[in-house]
Amino acid sequence: MGKIKGFLEYKREVPADRGPLERIQDWKEFHEEMSEEDLRDQGARCMDCGTPFCHTGIMLKGMTSGCPIHNLIPEWNDYVYNGYWKDAFDRLMKTNNFPEFTGRICPAPCEGSCVLGIIKPPVTIKNIECSIIEHAFEQGWVEPKKIAVRSGKKIAVVGSGPAGLAAADQLNKAGHTVTVFERDDRIGGLLMYGIPNMKLDKEGVVQRRIDLMEQEGVTFMSGTEVGTDYPVEKLEEEFDAVLLCTGATNPRDLDVEGRKLEGVHFAMDFLRAGTKAVLTGSDPEISARDRKVIVIGGGDTGTDCVATSIRQGCDHVIQLEIMPKPPLERQPDNPWPEWPKTLKVDYGQEEAAALQGEDPRRYSVMTKKIIDDGNGKVRAIEVSQVEWVVDEGRTVPRPVPGTEEIVEADLVLLAMGFLGPEAALLEKLGVEQTERSTIKAGYDDFTTNREGVFAAGDARRGQSLIVWAINEGRAAAREVDRFLTGETNLP
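How each quantity is defined
- Residues numbered from 1 in each chain as written.
- Predicted model: local features only at pLDDT ≥ 70, side-chain atom pairs only at ≥ 80, totals over all residues.
- Heavy atoms only, no water.
- Phe/Tyr/Trp six-rings, centres within 6.5 Å; stacked < 30°, edge-to-face > 60°.
- Helix = DSSP H or I, 4+ residues; strand = E, 2+ residues; numbered from the N terminus.
- Buried < 20%, exposed > 50% of the residue type's maximum accessible area, 1.4 Å probe, protein only.
- Lys NZ or Arg CZ within 6 Å of the ring centre and 35° of its normal.
- Salt bridge = Lys/Arg side-chain N within 4 Å of Asp/Glu carboxyl O.
- Axes fitted to C-alpha atoms, helices over the stretch in contact; angles between N-to-C directions.
- Left-handed = near helix turned anticlockwise from the far one by under 90°.
- Contact = heavy atoms within 4.5 Å.
- Nonpolar A, V, L, I, M, F, W, Y, C, P; charged D, E, K, R; others polar.
- Pairing = 2+ DSSP bridges.
- Polar contact = N/O pair within 3.5 Å; in protein donor to acceptor, adjacent residues only side chain to side chain.

Colleague: Outline the packing of aromatic side chains, listing residues and values.
Modeller: The tally for this structure, following the rule as stated, stands at nine aromatic pairs. Ring centres of phenylalanine 30 and tyrosine 347 lie 5.1 Å apart, and the angle between their planes is 20°; this geometry places the pair in the stacked category. Residue phenylalanine 30 is found in the loop between α2 (20-23) and α3 (36-44), and its partner tyrosine 347 is found in helix α15 (residues 347-356); the two are separated by 317 residues along the sequence. Judged on exposure class, the residue phenylalanine 30 and its partner tyrosine 347 are both buried. Joined through ring pairs, the aromatic side chains of Phe181, Tyr230 and Phe239 make up one cluster. Here lysine 276 stacks its cationic end above the ring of tyrosine 193, 5.2 Å away from the centre of that ring. Sitting above the plane of the tryptophan 468 ring, arginine 461 keeps its charged end 4.2 Å from the centroid.

Structure follows, in structure tokens:
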């Protein structure tokens, strides 16, 4: 725990952000740093709760409660409070390969299950985590580790997102020779191109970790698509085991009239183009400049589209959400320690509100049609309000007659989630898929129907959180190690 009665003495505080009208002028990370004294005060708020739920990592009603990688949160909170930063860093690295990623982009289910959150705002776990690892980098404690003995076993990891990187890091530490394949031109998968630079700096944070892993012996092959550039037969011949961490990259589409009009794009295509433009200093292939943008989807990806559109100089941006507006506080059917289904104003909505004068989100709205301008381009969309009703035991949205409306748009971005992994590589490998199109592999052993071929992360479990991806990458690494050596000492 932190300080006795610290949770009574100190209020929850998080780092100040640069003002929204200032930060939209660039693509830099927008969180300011807290002083060491303030961080110690926040660590002091960690109470002697007896049974901490923050590191449980369980699913409740389909939502994550607690940390899936089981971070030793009370321990490193106590170390920060007492000023033992090196000990806090050592504790943090026992469970998390990449705290600089999770400390920035994880939605922090640990804070949603914090015991203090029952009566007061929860401990600022996420910010303390990020501060610990950044302090460690500054102090030179994060150094490449020399692998003393190599096993002689070769492993191919397909996909360089958080699951693939976590697995590669663990398997390399076990002494195996690991090659990570990535079809994009840069390593990182979702971390590199699926998340905008202002949330996760690509050169200063993502590439920093990749460089470290390379120094430790991991081989990265970017611009190499397995099954196309690198035949699956060669993969199976040259490696003793294959781990598929390709992610759930098949986006959910919108089946309405006008879907194929010019100016309608999947959110991830838009975000990828935007990040590539930032990294290369070029103009994005898909740009929101001077355009009326509608983002369909209310999750993190939708928020990233709002923020990216603003930075690219859009004329106006609206975000449509088919779900009702969440309440301000927990409801009786959403008790602690479940993830709190309450209204949150993320960075993109804050920026849009500052620029446009109001929150860009509109709730309980269904898109009925995308309207042509007469030349094959999108001009507007037709929407209507919906009410949620029970139909044959399922809660479904039903359009409300008389609420139809035409909303101008010349760029429509579909941010409605993902259905599972792309099937082409799986078919070439002969790997079975589930009814949900995910790779058929158990959470206990991560094995597919093909001997020596394993699967982990979103490709196996479906669209999820970065901490679940790291959890699965670490767990799959244990099973690959066990398969190759007959036992494993990996944590």
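Colleague: Any details on the pattern of salt bridges? Residues and values, ideally.
Modeller: Following the criterion strictly, the structure yields 33 salt bridges and no others. Across the pair arginine 208 and glutamate 134 runs a salt bridge whose closest N-O atoms are separated by 2.8 Å. Within this pair, whereas arginine 208 is found in helix α11 (residues 202-215), its partner glutamate 134 is found in helix α8 (residues 125-139), the two being separated by 74 residues in sequence. Residue glutamate 134 is classed as buried on the basis of its relative accessible area, which comes to 17%. In this structure, the salt-bridge partner of aspartate 184 is arginine 272, at a minimum N-O distance of 3.5 Å. On the criterion of sequence distance, the pair formed by aspartate 184 in the loop between β4 (177-181) and α10 (190-194) and arginine 272 in helix α13 (residues 267-280) is long-range, its members being 88 residues apart. On the accessibility criterion, aspartate 184 (17% relative accessible area) is buried. Overlapping salt bridges, with partners in common, bring together Arg23, Arg311, Glu350 and Glu351 in one network.

Colleague: How would you explain the packing of helix α9 (residues 162-173) against helix α18 (residues 466-485) if you had to name every residue and give the values?
Modeller: As a packed pair, α9 and α18 sit with axes 7 Å apart at the nearest point and diverge in direction by 35°. Here α9 runs over α18; the crossing is right-handed. Taking contact as the criterion, the partners of Pro162, Ala163, Ala166, Ala167, Gln170 and Leu171 in α9 are, on α18, Ile466, Ala469, Ile470, Gly473, Arg474, Ala477, Val480 and Asp481. Taken together, the residues of the contact of α9 with α18 sort by class into 10 nonpolar, two polar and two charged.

Colleague: Can you lay out helix α4 (residues 73-82) for me, pointing to particular residues and giving the numbers?
Modeller: For α4, the set of buried residues is Ile73, Pro74, Trp76, Asn77 and Val80. Buried-residue contacts for α4 involve α3, α5 (85-93), α7 (109-112) and α8. In the stretch just after α4, glycine 83 is the one whose phi turns positive, near 85°.

Colleague: Can you lay out the pairing of strand β16 (residues 411-414) for me, pointing to particular residues and giving the numbers?
Modeller: Residues Leu411 and Leu413 point to one face of β16 and Val412 and Leu414 to the other, with burial holding for every one of them. Summarising the sheet, strand β8 (residues 264-266) and β16 pair through three bridges and their orientation is parallel. Paired with phenylalanine 266 across the bridge in β16 is leucine 414. With four bridges connecting them, strand β9 (residues 292-296) and β16 associate as parallel partners. Within β16, the position partnered with isoleucine 294 by the bridge is valine 412.

Colleague: Requested: an account of the side chain of glutamate 338, with residues and values cited.
Modeller: In this structure, glutamate 338 sits in the loop between β10 (316-321) and α15. In this structure the side chain of glutamate 338 is engaged in a polar contact, spanning 3.0 Å, whose partner is the side chain of asparagine 334. When near neighbours in sequence (up to four residues on either side) are disregarded, glutamate 338 contacts Leu60, Lys61, Met63, Gly112, Arg330 and Asp333.

Colleague: Please set out unusual backbone geometry residue by residue, giving values where relevant.
Modeller: The linkage connecting tryptophan 336 with the following residue, proline 337, adopts the cis geometry, with an omega of 10°. Within the fold, proline 337 resides in the loop between β10 and α15. Look at glutamate 392: it is not a glycine, yet its phi comes out positive at around 55°. Here glutamate 392 lies in the loop between β13 (378-391) and β14 (394-399). Phi at phenylalanine 446 takes a positive value of approximately 60°, unusual for a residue other than glycine. Summarising the element assignment, phenylalanine 446 is placed in the loop between α16 (423-429) and β18 (453-455).

Colleague: Lay out the sheet that holds strand β6 (residues 241-244) with the relevant residues and their values.
Modeller: With parallel pairing, the five strands of this open sheet are ordered in space as β5-β4-β3-β6-β18. Bordering the open sheet on either side are β5 (219-221) and β18, each of which pairs with just one other strand. Recorded for the sheet is a direction-independent mean angle of 20° between the axes of neighbouring strands. The sheet contact formed by β4 and β5 spans three bridges and is parallel. Counterpart to valine 180 in the pairing with β5 is phenylalanine 220.

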